[in-house]
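Understanding the architecture of this molecule
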Protein chains: 4
Amino acid sequence: MSEPTNRLVSEGAEEELYKVYTIHEHGEVELVDYLGADSSVARAARTSYQRSEGKTAEHDKKLIMRLWKDRHTSPFEMVNLTFRIRLPIFVMRQHVRHRTASLNEWSFRYTECPDIFYVPAEDDVRSQHSTNKQMSGEPLSAAESQKARKLIDESNRRSFETYKELIEIGVAREQARVVLPVSAYTQIVWSMDIRNLLHYFSLRLAPDAQKEIRDYAKVMAKIVKKGWPMIWEAYESGRS
Amino acid sequence: MSEPTNRLVSEGAEEELYKVYTIHEHGEVELVDYLGADSSVARAARTSYQRSEGKTAEHDKKLIMRLWKDRHTSPFEMVNLTFRIRLPIFVMRQHVRHRTASLNEWSFRYTECPDIFYVPAEDDVRSQHSTNKQMSGEPLSAAESQKARKLIDESNRRSFETYKELIEIGVAREQARVVLPVSAYTQIVWSMDIRNLLHYFSLRLAPDAQKEIRDYAKVMAKIVKKGWPMIWEAYESGRS
Amino acid sequence: MSEPTNRLVSEGAEEELYKVYTIHEHGEVELVDYLGADSSVARAARTSYQRSEGKTAEHDKKLIMRLWKDRHTSPFEMVNLTFRIRLPIFVMRQHVRHRTASLNEWSFRYTECPDIFYVPAEDDVRSQHSTNKQMSGEPLSAAESQKARKLIDESNRRSFETYKELIEIGVAREQARVVLPVSAYTQIVWSMDIRNLLHYFSLRLAPDAQKEIRDYAKVMAKIVKKGWPMIWEAYESGRS
Amino acid sequence: MSEPTNRLVSEGAEEELYKVYTIHEHGEVELVDYLGADSSVARAARTSYQRSEGKTAEHDKKLIMRLWKDRHTSPFEMVNLTFRIRLPIFVMRQHVRHRTASLNEWSFRYTECPDIFYVPAEDDVRSQHSTNKQMSGEPLSAAESQKARKLIDESNRRSFETYKELIEIGVAREQARVVLPVSAYTQIVWSMDIRNLLHYFSLRLAPDAQKEIRDYAKVMAKIVKKGWPMIWEAYESGRS
């Protein structure tokens, strides 16, 4: 299916394209398009895209490390990743706060909501954190966890049944959806330049981020690491 | 409670400050702060904020009308409105797409969700539009409407009960919330410059916007009209 | 030099890549990278990047036309063009106002300014517009035009000589540059999603834009037309 | 001239309003409008603007410090400063790169350029830095400095004379301006929320920023310190 291109190609990114990563039971992350390779950052910093300037990968890497260290981050905007992501509405509500992304989402005004909902895994039902008011703490006991999962699962099902009933009565999709829980899955195409994606990581990979969104960020970080290893190394070397 | 200021003051906006408008049963819109008056646009266009240049309100108005007509919209960014808004999550999900706004929202990781949910009014349960796939059409019959409202109300209540039960078991707020329906109310502080607010109006007051968000946009438009009558007149004179 | 890619490829864009267009005497525009083809817009609108959904180019085109007409412009952000542009500082000062672009520029703190300056062509020295205060009007007579060009050319040269002299005395580049005229050429890498690029066109191809920047916009528009013919057709069909 | 307002007022900011600070020989910075006080940040973080919640200034300060430390910076967008700034084009070209600002500028298409230009002060003509390619280093000797200043001053004057001559011949302002040096002064109205203004400070107050722009940033920082002392203290306590 591949076609020839004269653009810069990232071999690592090519291998990641269209690979569907599963997150939790129903979540998905898939790299569906990208712009630029590690060397795009170096070329932009040199304000030059000429291929034969005698600059080696080693030159590029040094430059990328220095740009990051010196907080000259604008060249990092020349690389872009586009993901298809299936995620629960409560995770989506955090994603959408990153205003530099471009975003398209399923509309439940337009199509019916599918019957898939988030339920935490048995070993991942967490208690309220004892001191940090906004975080979760230790996992609940197996018994509590099972009880909680059952409650969540049944609530999801009942809400969905009501949703279907409303549709059958003839209620418009845009109104019927109001009963859907934020555990319902939606799907987005989400495109962000890598400078802002790294900023997203710095917030969403942090320990105070909710685990459910961290799980998404981790997969995307893994893809960045494979496709843009020099940029990732710069990022890991310290916060810009 | 008023204090003296040397800033430009909009008399109309002063009257609107802290006035709480109710939308549907539980929704609220309140202007909580603002920056600039009609004449701020004219002053910015003249790149001058000197008070005594012999420019009258009539000069300002002419200039504002011409700027809008000629699509010189950057001076309109010098006026800013900050609202407190209580709105259901499904309306919030449309609001948040306007990326030029500044936004703070209740976090249900941090505080418990209150027991208020959106249920459409009896004369406002709408059928699916017959031809436009993303819109609603005519109201349902009284009988259907009552049935739909009952279904929605009961679903909201049941979901909320499950939510409370999960909290009692000890599930962290950030996980318990997954069963909450998008009819649940959240609250935001939302700040936007008037250029982008007018763009928001052009999309959200349009006939193809969902009625529930249009009801919010209408109230904000009314406030703009009172506080910034020249800008509103320019906006109404035709799309920039 | 081409390599295989699994990404969407625009054949028209591939032909435009690295083609250097000359503008005026010293200006240049070159497409150096791009993201996405016409069908990327349709795929984003469907929130799906699956290749085999049985959607033909005809389906895509219809959808693109409708999205534009209905002002659903977010899917157009999934296409991105990156240009290398050599342009005089006075044109750059207008370019940079488009805040949604990513931008890297030569720094005359870092490198010396090259000896190239804008001088209008003989048939393009324009008089002040008789009624519109911000525009130029008819061309000057041949005699006046020659005189003006001579004045501009000599002024450019003298300023550059002073610049070189300052450097020789040992003045830092960042200070020596203050004598450089805005006719001096700078170079940028400029990346913008196509939605915002079309907005740039709507302002910079307009009759009230300065001819010198319009000449740049025209070349970029030509490239868009070749690489993204459906999007261009939608744009031409009427303002979104 | 003051009028009553029901908005939050910053006493420190009121004292700064319309105070014109001079920078170098011809530069100016003047706070011409503002939105919000220290407590606006706390109120936005609480998603509440109610005046009587029993929260004291001490509560607000603690909250502001914690928000900054925890990188919860969105509430800081609820405060806004609008400046009138007169600055040379080469400083403007750095200012304009801060894309979150709203900006209006004199247009030399519309009005004639005034006869004021930047010339470094006698003790501020700097040599090229010996190791850092983009920075200046030690001041030049008095003799070199005098020579450099004379060269710059004469070059400015000659360029301006040519500019006037071109205007007299009848060349349109938009073309005549091409001979103007980047030492020419322009004027802007520049509005930015304080979160992004603090980010601007972190870049433009840094030792690697050009001294000429640092001089502008310093004055604005002084104004922020007076008008928003808690926010300033949070900023100084460490980078967010």
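Cut-offs used in this document
- Residues numbered from 1 in each chain as written.
- Chains lettered and ligands numbered in written order.
- Predicted model: local features only at pLDDT ≥ 70, side-chain atom pairs only at ≥ 80, totals over all residues.
- Heavy atoms only, no water.
- Helix = DSSP H or I, 4+ residues; strand = E, 2+ residues; numbered from the N terminus.
- Buried < 20%, exposed > 50% of the residue type's maximum accessible area, 1.4 Å probe, protein only.
- Contact = heavy atoms within 4.5 Å.
- Areas by Shrake-Rupley, 256 points an atom, 1.4 Å probe, with all protein chains shown as cover.
- Lys, Arg positive; Asp, Glu negative; His and termini not counted.
- Charge placed at Lys NZ, Arg CZ, Asp CG, Glu CD.
- Axes fitted to C-alpha atoms, helices over the stretch in contact; angles between N-to-C directions.
- Parallel < 35°, antiparallel > 145°, perpendicular 65-115°, else oblique.
- Nonpolar A, V, L, I, M, F, W, Y, C, P; charged D, E, K, R; others polar.
- Core = buried A, V, L, I, M, F, W, Y, C linked by side-chain atoms within 4.5 Å.
- Least-squares fit on C-alpha atoms with pLDDT ≥ 70 in both.
- Buried area = accessible area lost by both parts, 1.4 Å probe.
- Salt bridge = Lys/Arg side-chain N within 4 Å of Asp/Glu carboxyl O.
- Polar contact = N/O pair within 3.5 Å; in protein donor to acceptor, adjacent residues only side chain to side chain.
- Pairing = 2+ DSSP bridges.
- Phe/Tyr/Trp six-rings, centres within 6.5 Å; stacked < 30°, edge-to-face > 60°.

In the nomenclature of an unreviewed UniProt entry, chain A corresponds to Thymidylate synthase thyX from the organism hydrothermal vent metagenome.

1. Concerning the overall build of chain A
If you tally the helices and strands in chain A, you get nine helices and eight strands. With the principal axes as the frame, chain A shows a C-alpha extent of 65 × 45 × 30 Å. Counting the 240 residues in chain A, one finds 62% classified as buried. In chain A, once contacts between residues fewer than 6 apart in sequence are set aside, the share between residues at least 24 apart is 73%. Of the roughly 9300 Å² that chain A leaves accessible, carbon and sulfur atoms contribute 48%. Taking the 36 positively charged and 35 negatively charged side chains of chain A as two groups, their mean positions are separated by 6 Å.

2. A few points about the packing of helix α2 (residues 38-45) of chain D against helix α3 (residues 57-69) of chain D
All names here are of chain D. Here α2 crosses α3 at 75°, and the two axes come no closer than 9 Å. Between α2 and α3, the crossing angle belongs to the class labelled roughly perpendicular. Packed against α2, whose contacting residues are D38, S39, V41, A42 and A45, the element α3 presents D60, L63, I64 and L67 at the interface. Taken together, the residues of the contact of α2 with α3 sort by class into six nonpolar, one polar and two charged.

3. Details of the nonpolar core
Counting 148 residues, the largest nonpolar core has W190 and F201 of chain A together with W190 and F201 of chain B as its most contacted members. Residues within four places of F201 of chain B in sequence aside, it is in contact with A206, A217, M220, A221, V224, W232 and Y235 of chain B. Counting 147 residues, the second largest nonpolar core, distinct from the first, contains V41 of chain C together with M92, V178 and A184 of chain D.

4. Thoughts on the relation of the copies chain B and chain A
Between the two copies of the chain lies a rotation about an axis combined with a shift along it. It takes a turn of 180° to lay chain B on chain A, together with a shift of 0.0 Å along the axis; the resulting RMSD is 0.0 Å. With respect to symmetry, the two chain copies, as superposed, fit the operation of a two-fold axis. Among all residues of chain B, the minimum C-alpha distance to the rotation axis is found for P181 of chain B, at 1.9 Å. A share of 100% of the interface residues of chain B reappears at the interface of chain A, consistent with the copies meeting face to face through the same patch.

5. Some thoughts on the interface of chain C and chain B
With 13 residues of chain C at the contact, the number on the chain B side is 13 residues. With both chains or domains summed, chain C and chain B bury close to 1000 Å², and 23% of this area falls on carbon and sulfur atoms. In this structure, the connection of chain C to chain B is made through two salt bridges. Of the charged contacts, one joins E77 of chain C and R99 of chain B as a salt bridge, the two residues approaching to 2.8 Å between their closest N and O atoms. Summed over the shared surface of chain C and chain B, the result is four residue pairs in polar contact (both at pLDDT 80 or more).

6. Thoughts on the interface of chain B and chain A
At the junction of the two partners, chain B supplies 56 residues and chain A supplies 57 residues. With both sides pooled, the region where chain B packs onto chain A buries about 5200 Å², and carbon together with sulfur makes up 51% of that total. Where chain B touches chain A, the interface holds four salt bridges. Residue R126 of chain B pairs with E174 of chain A through a salt bridge whose shortest N-O separation is 2.8 Å. Remark: the boundary between chain B and chain A carries 37 residue pairs in polar contact (both at pLDDT 80 or more).

7. A short note on the pairing of strand β8 (residues 185-193) of chain D
Residues and elements named next belong to chain D. β8 sits mainly inside the fold: nine of its nine residues count as buried. Here β8 shows two buried faces, one formed by Y185, Q187, V189, S191 and D193 and the other by T186, I188, W190 and M192. Pairing analysis gives four bridges linking strand β5 (residues 102-105) to β8, with the strands arranged antiparallel. Residue pairing in the sheet places L103 in a bridge with W190 of β8.

8. Structural notes on the packing of aromatic side chains
All names here are of chain C. Overall, the coordinates contain 47 aromatic pairs over all chains when judged by the stated rule. Pairing F117 with F160 gives two aromatic rings, centres 5.6 Å apart and planes at 70°, and the pair type is edge-to-face. With F117 in the loop between β5 (102-105) and β6 (126-128) and F160 in helix α5 (residues 142-169), this pair connects stretches of sequence that are 43 residues apart. Here the two residues F117 and F160 agree in accessibility, since each one is buried. Ring plane angle 40° and centroid distance 5.9 Å describe the contact between F160 and Y163, whose orientation is recorded as tilted. Separated by three residues within a single helix, F160 and Y163 lie in helix α5, roughly one turn from each other.

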